[in-house]
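What the coordinates show
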Amino acid sequence: MTSGKKTKATRNSVAAARSSVVASKPKPWGTIIAVIAVLGLAGGVFGYAYSQIHANNVKEAALAKWKPSDTNKDPSTQLAGIVTKEYKGSRHVEPTQRVAYDQTPSFGGPHDAQWADCTGVVYDKAVRTENMVHGLEHGAVWIAYNPDQVKDDALNKLKVKVEGIPYMMLSPYPGLDKPISLQSWGHQLKVDNADDERIDQFISSLLRNPNTYPEVGASCENTAFLSNPAPFVAEKPGADAVPMDGGKDDSQTEGQQGQQGQQPNMSTPPASGSASTPPSS
């Protein structure tokens, strides 16, 4: 017969052994570290997303006064340095003709029947002015920059504002008197750097602002031009250049194309040497 003392001692011994095994079992540090890492990553992603949303909200709030409305049809008039002029639309020139533009870069006046594709296009090379001006007539904003002064990070900041954004276009403009110049129909603003807050204010005020450009509803897509952009020429136009009050009046044709979203009859872009660049203003 087993004594009670021995049975109790055996139980205590077994319990002690089990306790020893449990105590000596290593903690799953790998799993713990992995869980902490996942939680940290999730927190970082959430924090980044929140900061981006907050930054966008702050930006939108700052631009609220620069959005057109019934009571503020052209907010850009409040911009320091803005230049505005009245231009008649729908006056066309031939692909081989140049216009004696009154501003550099031009932001209105006679232009080629083909518009430069302005569907958020970043042009790597300078483009014929007559075609770019036609894009402005359709409600686009054109950012031109001096390629000798705007490079690397500054250029990337401009690209972000344009690339893939409907009715925006960006191109180098050799000899530009300021690092950056923004154009919409009848409006121009020149700035010294890509961080100038007036760039976003100009875009917010004038991009497809129906109160400021002639052909509301016109398309900005022109794949034929995009595949072979007409080149820019640095020389000033000669005595045979079309004056600012010249060009063929195609207002009826332009109105029909704007309503139907049609592209013009494609003509051959001018060869190098016959493209347009305005004289110095």
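From a predicted model like this one, the values you see are computed outputs, not experimental measurements. (Residues numbered from 1 in each chain as written. Predicted model: local features only at pLDDT ≥ 70, side-chain atom pairs only at ≥ 80, totals over all residues. Heavy atoms only, no water.)

**As for the sheet that holds strand β4 (residues 119–122)**
Quick reminder of the rule: Any two strands with at least two DSSP bridges between them are considered paired. The way it works is that DSSP assigns letters per residue, a run of H or I at least four long becomes a helix, a run of E at least two long becomes a strand, and they are numbered from the N terminus. Contacts are assigned to residue pairs that have any heavy atoms within 4.5 Å of one another. Lines fitted to the C-alpha atoms define the axes, with helices restricted to the stretch that makes contact. Angles between their N-to-C directions range from 0 to 180 degrees.
Strand order across the open sheet formed by 6 strands is β1-β8-β7-β5-β6-β4, with mixed pairing between neighbours. Sheet topology places β1 (83–84) and β4 at the edges, where each strand pairs with a single neighbour. Direction of pairing for strand β5 (residues 141–145) relative to strand β7 (residues 180–184): antiparallel, over a ladder of 4 bridges. Following the sheet pairing, I143 is matched in β7 by L182. With respect to the sheet, helix α4 (residues 152–162) is in contact with β4, β5, β6 (168–172) and β7, its orientation differing from that of β6 by roughly 155 degrees. Here helix α5 (residues 198–206) sits on the sheet in contact with β5, β6, β7 and β8 (187–191), set at roughly 170 degrees to β8.

**Comments concerning the state of the cysteines**
For the record, the criterion: In this description, a disulfide is simply a cysteine sulfur pair whose atoms lie within 2.5 Å. For every residue, the accessible area (1.4 Å probe, protein chains only) is compared with the maximum for its type, and the residue is labelled buried under 20%, exposed over 50%, or partly exposed between those bounds.
Following the criterion strictly, the structure yields 1 disulfide and no others. Here C118 is linked by a disulfide to C220, with a sulfur-sulfur distance of 1.6 Å. Handedness here is read from the sign of the S-S torsion; for C118 and C220, about -95 degrees, the answer is left-handed. Highlighted residues: C118 in the loop between β3 (111–112) and β4 and C220 in the loop between α5 and α6 (223–227), separated in sequence by 102 residues. Residue classification places C118 among the buried positions, given a relative accessible area of 0%.

**Quick look at α5**
Summarising burial for α5: 7 of the 9 residues are buried, a large majority. Burial in α5 covers these residues: I199, Q201, F202, I203, S204, S205 and L206. Downstream of α5 by one or two residues, R208 has phi in the positive range, about 55 degrees.

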